[in-house]
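Architecture and fold: a report
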Amino acid sequence: MHSNRRMPFWAAALIGLVSGAVAVGVSLLAAGLVKASAFPVVAVGNAAVDLTPAALKDWAIRTFGENDKAVLLTGILLVLAGAAAAVGLLAARDIRRGLAGLAVFGVIGVAAVLTRPDAGPVDALPTLVGVGAAAFTLHRLTRRAFAPAGVPATAEFDDAGWHTPQEDLPAPDGTRATSVTRDAHATRPSDTVPQDRPEPAGRYVPSTPPVMRAGADRYAFDRRGLLTGVLGAAAVAGAGGLAGRMLSGRAEVGVARAGIALPGPAKPAPAIPAGADLKIKGLSSFITPNADFYRVDTALVVPQVDPADWTLTIHGMVDRPVEITFADLMKRTVIEADVTLCCVSNEVGGPYIGNARWLGVSLADVLRDAGVQKGADMLLSTSADGWTCGTPADVVLDGRNALLAFAMNGEALPVDHGFPVRQVVPGLYGYVSATKWVTDIKVTRFDQDEAYWTPRGWSAKGPVKTQSRIDLPKEGTTIRPGRTVIAGVAWAQHKGIDAVEVRVDRGPWRQARLAEAPTADTWRQWVIDDWEATPGTHTIEVRATDATGYTQVIDRTPIDPDGATGWHTVSVEVA
Ligand SMILES: Nc1nc2c(c(=O)[nH]1)N[C@H]1C(S)=C(S)[C@@H](COP(=O)(O)O)O[C@H]1N2
Ligand SMILES: [Mo]
């Protein structure tokens, strides 16, 4: 008899993998029904993001840019796949060990979902259901992978090279399997069959996995049985996952977003001067289209917030705590403003900056309705997914266009950019001002509260540093000799840019021509269009001066703790 007590490596790993897939699919479905944020894979990812040392996170943002989340999710899924395969291998040796391995996953998943902001006990459900389904799958498939050696209906033996030479091992009833020929599996050797066992009709599934038994050599690895089982489980995992995604609110929020009728602004933005956009190919356009707008946040999966359910609570050091709905917000005086948003993590010359036309209401007015008390100096805002942001209250209240924004470039906020409502404050880096999916503002003090990035090594306050960037020519490119356009953008939000200077090969500084800007809250394009490029390698440097008279310094400081400094420098080959 040619059977095996051991399952082939690939089969055990496959069983583990498909059981893991069932866990993911079923928990996604359960999360879709219960609460989208209770999907354990994402909760574990979010916990990992929060627990990652700041230095590693900064490195990830620098290295992977906006793909950092995709990289992390892929990493988590790979780790999960590896661990699931390991669970399969454990289960093949002893089902109890496999189940114990799954239980470890369950504990990690439950811990992750329950420690997420505003988690309730019900959040544990998707993990538990998913792990339960995985345990069932693991158990069934491990069993299914074996057929009794005498029932060859689906058993295959010789082509995989997995079987070991027959050993004479005692069967549970004390009999021994002895000297069976290679063909003998076609008929069950009666001396190895417990007499009380019923004759199976067709494929026979023993009640406990034969792998656990001393007499397991009476069972044969059943490849076809296993593979059909695996296909079934994979179908369950796929269907569960698909249904879960549909249920998790993506579709509903998309419909809600599409259905929003944007009010006209009571206070329109100043007209954008015709000369604000020099319309030079390769130069950042004055308004950044939503699709090209940079995205930075800690959300592994973007929060899906239905405006019908959205409320903003303002509390803390206020005379009258208030809670406003989306409808309340739309009834207020609507302000339109062009504001350039940028990230503290933007390296000199980096891409994490964009300029948009926002529609929203005055954050200062909403705060005044609540009555900000004396001594309060911080607005601690929280997003639907628990991220926090500390904004200096005096900046928001000083009359600038600090907004609770609900539209961006003529459409409702894209979900990635904070739908239904986010903060926008000209002059502050995003991490201290631009809370997306904002749901809560606590009026407090910097000496009493800390926002997300502060204990992670970033400055509690983050005014934007005056900066400039060369968009043309591009770093490292080879250009033709002759008249060449040098162009870029410069920004010092809420101060304004007064001058931009450019020098080539450390020569004299030359004044760039500045494009117009409607207000001091946006970036400004600049251009030098008469550089005569001569063959060789050339270095181009830029520096801006803002309306306070401050000129960018050459000293390069890193992005942390409060934003990079230094001149953007580009090297090009002229040939
Ligand atoms: N909820 C939430 N809001 C957030 C963040 C975040 O991680 N979560 N990141 C902030 C940072 S660091 C920046 S630079 C801006 C980026 O906004 P954008 O993605 O719309 O460009 O959002 C801010 N708002
Ligand atoms: Mo940022």
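An unreviewed UniProt entry lists the protein chain under the name DMSO/TMAO reductase YedYZ molybdopterin-dependent catalytic subunit, from Streptosporangium becharense.

Attention now moves to empty space enclosed by the protein. Within the structure shown, the criterion is met by 5 cavities of 30 Å³ or more. Quantified by volume, the largest cavity comes out at close to 90 Å³. Each residue belonging to the lining of the largest cavity can be placed in one class, and the counts come to 6 nonpolar, 3 polar and 2 charged. Taken together, domain 3 (274-456) and domain 4 (467-574) each give at least three residues to the lining of the largest cavity, which thus spans both.

Here the focus is the layout of surface pockets. Looking at the second largest pocket, its volume works out to about 740 Å³. What lines the second largest pocket is a set of 41 residues, among which I61, D68, D297, T298 and W453 lie closest to the centre. Only helix 2 (40-51), helix 3 (54-64) and helix 4 (68-93) provide two or more residues apiece to the lining of the second largest pocket. Counted by class, the lining of the second largest pocket contains 23 nonpolar, 8 polar and 10 charged residues. Taken together, domain 1 (4-145 + 223-248) and domain 3 (274-456) each give at least three residues to the lining of the second largest pocket, which thus spans both.

Turning our attention to the sheet that holds strand 8 (residues 388-392). The strand order across the open sheet formed by 5 strands is 4-3-12-7-8, and the pairing between neighbours is mixed. Strands with a single pairing partner mark the edges of an open sheet, and in this sheet they are strand 4 (322-325) and strand 8. Put simply, the sheet's adjacent strands are angled 20° from each other on average, direction ignored. Both strand 7 (residues 378-383) and strand 12 (residues 438-444) contribute to a ladder of 6 bridges, which runs antiparallel. Bridge assignment links M378 to a residue of strand 12, and that residue is T444.

A separate point is the UniProt feature "transmembrane region" (unreviewed entry) in the protein chain. When the UniProt feature table is mapped onto this chain, "transmembrane region" (unreviewed entry) is found at residues 71-92 and 99-115. Helix makes up 100% of residues 71-92 and strand 0%, and the two end C-alpha atoms of the span are 32 Å apart. Between the first and last C-alpha atoms of residues 99-115 the distance is 24 Å; the span itself is 94% helix and 0% strand.

With that settled, consider the sheet that holds strand 21 (residues 569-574). Across the sheet, which stays open at both edges, the 5 strands sit in the order 14-21-20-16-17 with mixed pairing between neighbours. In the strand order of this sheet, the two ends are held by strand 14 (478-479) and strand 17 (510-511), each with one partner.

In the vicinity of ligand 1, 19 residues are found, and the nearest of them are Y294, T298, H417, R422 and K436. W387 is positioned such that a nitrogen or oxygen atom in its side chain is 3.4 Å from an oxygen atom of ligand 1. A distance of 2.6 Å separates an oxygen atom of ligand 1 from a polar side-chain atom of H417. Bound to the protein, ligand 1 loses 98% of the 530 Å² it would expose on its own. Put simply, ligand 1 lies in the second largest pocket.

Before going further, it helps to spend a moment on the pairing of strand 7. Of all 6 residues in strand 7, 6 are buried; the element is thus mostly enclosed. Neither face of strand 7 is exposed, since M378, L380 and T382 on one face and L379, S381 and S383 on the opposite face are all buried. From the end of strand 7 to the start of strand 8, which pair antiparallel, there are 4 residues, and G386 there has a positive phi angle of about 90°.

Cut-off values and rules
Residues numbered from 1 in each chain as written. Chains lettered and ligands numbered in written order. Predicted model: local features only at pLDDT ≥ 70, side-chain atom pairs only at ≥ 80, totals over all residues. Heavy atoms only, no water. 1 Å grid on protein atoms, 1.4 Å probe; cavity = no way out; pocket = protein on both sides within 12 Å on 5 of 7 lines; lining within 4 Å. Points joined across faces, edges and corners; volume = space filled by probe spheres on them. Nonpolar A, V, L, I, M, F, W, Y, C, P; charged D, E, K, R; others polar. Domains from an automatic or database assignment. Helix = DSSP H or I, 4+ residues; strand = E, 2+ residues; numbered from the N terminus. Pairing = 2+ DSSP bridges. Axes fitted to C-alpha atoms, helices over the stretch in contact; angles between N-to-C directions. UniProt positions renumbered as here; feature names shortened; annotations may be inferred. Near = heavy atom within 4 Å. Polar contact = N/O pair within 3.5 Å; in protein donor to acceptor, adjacent residues only side chain to side chain. Areas by Shrake-Rupley, 256 points an atom, 1.4 Å probe, with all protein chains shown as cover. Sits in = over half its atoms within 2 Å of the grid points. Buried < 20%, exposed > 50% of the residue type's maximum accessible area, 1.4 Å probe, protein only.

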